[in-house]
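Below are the chains, spelled out letter by letter.
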Amino acid sequence: MAVDGIVVSVTTGTNGAGVSVLKVSGYLDTTTASELETALYGLLDREHFRIVVDLTGVNYISSAGWGIFIGEIKRIRNHGGDLKLAGMVGDVHEVFQLLEFHSILEAYTSTQEAVDAFKARNAG
């Protein structure tokens, strides 16, 4: 799926942990956030509640973008899942920290680390 400024691709359950990966590239703002929202809702509607959002290709996230993650976290966790963020670049990670979202969402350096965190939770 592509909209000017953003590309979102979805991979489901191919990592041995039943984790879906949303790979996002570009920038997330009010004009592009609906693309991510549509992809996320598509996963939730199919009852995929173990989600990693790969942000390695994202250089900007507005409040609209952050709101998508925060807005659905309760629904995801109520279904026994979680949403983890991976690969945030410096400026994006800095805003993540400033907004204190680290107290709500787990962030990982790489997508593989985030997927492994789901696997570890299953093993524990």
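Relevant structure appears above.
What this report covers is the structure whose coordinates are included nearby. (Residues numbered from 1 in each chain as written. Predicted model: local features only at pLDDT ≥ 70, side-chain atom pairs only at ≥ 80, totals over all residues. Heavy atoms only, no water.)

Things to note about the overall build of the protein
Okay, so step 1: Check the secondary structure of the protein and you find four helices and six strands.
Okay, so step 2: Taken from the N to the C terminus, the helices and strands of the protein come in the order β-β-β-α-β-α-β-α-β-α.
Okay, so step 3: Over its C-alpha trace the protein gives a radius of gyration of 13 Å, about what one expects of a compact globule, namely 14 Å for 124 residues.
Okay, so step 4: Summarising its shape, the C-alpha atoms of the protein cover approximately 40 × 30 × 25 Å along the three principal directions. (Helix = DSSP H or I, 4+ residues; strand = E, 2+ residues; numbered from the N terminus. Rg over C-alpha atoms; globule rule 2.2 N^0.38 Å.)

So, the pairing of strand 5 (residues 82-86)
Okay, so step 1: A large share of strand 5 lies buried, amounting to five of its five residues.
Okay, so step 2: Neither face of strand 5 is left uncovered, since the one carrying Asp82, Lys84 and Ala86 and the one carrying Leu83 and Leu85 both have all their residues buried.
Okay, so step 3: Pairing of strand 4 (residues 50-61) with strand 5, which is carried by five bridges, proceeds in the parallel orientation. Its bridge partner being in strand 5, aspartate 54 is matched across the sheet by alanine 86.
Okay, so step 4: The β-α-β motif built from strand 4, the intervening helix 2 (residues 63-78) and the parallel element strand 5 has right-handed crossover chirality.
Okay, so step 5: As paired strands, strand 5 and strand 6 (residues 106-108) are joined by three bridges and run parallel to one another. What sits directly across from leucine 85, in strand 6, is alanine 107.
Okay, so step 6: For the crossover from strand 5 across helix 3 (residues 90-98) to strand 6, the handedness is right-handed. (Buried < 20%, exposed > 50% of the residue type's maximum accessible area, 1.4 Å probe, protein only. Pairing = 2+ DSSP bridges. Right-handed = clockwise from strand over helix to strand, strands pointing away.)

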